[in-house]
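Reading the structure
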Amino acid sequence: MADIPMPLPGFTAWPSFPFEGDFKIKHLDPPVETEPARKGEDSADCTACTAPDDAYIWVNERWRVRTMDRPTGLPMVLMLEPRSHLDLGDLPNLLAAELGVMTVRLERAIRSLDNVARVHVYRWGDGAAHLHVWFMARPVGQLQLRGTFLPLWDDILPPIPEDQWRESLAHVAAWLAEFGGTPLAQPPRIDWQAPAKLTDS
Ligand SMILES: [Zn+2]
């Protein structure tokens, strides 16, 4: 029996949809009997639990904020993690309340960057077990990046300049540190070059 292609959903025609051309919808695998373990389900091999503070841009006693190891396409991509090996639904009331405060604080810090119009906040939780809430900044004026596909555009757009990235990280870390904790992101060093005459002689 020939497969009848499923109709494409309306979002493929949205201006924000990052692709064009001919598409067809993938076959969906049958559901598995047992869900596989996520990465770092056990705290002993959890990368968040074993990462040192200097892998983060800001830390305090209960929370840490990190980014990717290099710039990506969006002006800012950050992750907020509790120090404790917990997922969202496991947070005790103190951490649950602080998650709200930290989320608002980070949103403001990132939105205060010159080139940021909006900050998206995501928690998927399908990959790594240790709670990590994503903050992704939409560049100002880039209306096509509004909505659902922003995380895809982060991979599609060319990486932002490293200096701009480091400066923004230092800005956000300093903003958070206004309320406590330790900022660990440093602004880029000034690209100082010795005058050619000195090096020639
Ligand atoms: Zn962990």
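Whatever comes next refers back to the structure up there.
Residues numbered from 1 in each chain as written. Predicted model: local features only at pLDDT ≥ 70, side-chain atom pairs only at ≥ 80, totals over all residues. Heavy atoms only, no water.

1. Details of the coordination of the zinc ion
Within the first shell, the zinc ion binds the protein through Cys-46 (SG), Cys-49 (SG), His-85 (ND1) and His-130 (ND1), at distances of 2.1 to 2.3 Å. Geometry at the zinc ion is tetrahedral, judged from its four donor atoms and the angles of 104 to 116° they form at the metal. All donors to the zinc ion come from one chain, and their sequence spacing reads C-x2-C-x35-H-x44-H. Note that Cys-46 is positioned in the segment before α1 (47-50) and His-85 in the loop between β3 (77-82) and α2 (93-111), a separation of 39 residues in sequence. (Donors = N, O, S within 2.8 Å, 3.2 Å for Na, K, Ca; no water. Tetrahedral: all angles 85-135°; square planar, octahedral: opposite > 155°, others 65-115°. Helix = DSSP H or I, 4+ residues; strand = E, 2+ residues; numbered from the N terminus.)

2. Quick word on the sheet that holds strand β5 (residues 133-139)
Read from one edge to the other, the open sheet built from six strands follows the order β4-β5-β3-β2-β1-β6, with strand pairing classed as antiparallel. For this open sheet the edge positions go to β4 (116-122) and β6 (182-183), each flanked by a neighbour on one side alone. On the sheet, α2 packs against β1 (58-59), β2 (63-67), β3, β4 and β5 and is oriented at approximately 155° with respect to β4. (Pairing = 2+ DSSP bridges. Contact = heavy atoms within 4.5 Å. Axes fitted to C-alpha atoms, helices over the stretch in contact; angles between N-to-C directions.)

3. Notes on the environment of Gly-40
Along the chain, Gly-40 falls in the segment before α1. Classification of Gly-40 as buried rests on a relative accessible area of 12%. Along the primary structure Gly-40 and Val-101 are separated by 61 residues, whereas in three dimensions their C-alpha atoms are 26 Å apart. Aside from chain neighbours lying at most four places away, what touches Gly-40 is Asp-45, Cys-46, His-85 and Ala-129. (Buried < 20%, exposed > 50% of the residue type's maximum accessible area, 1.4 Å probe, protein only.)

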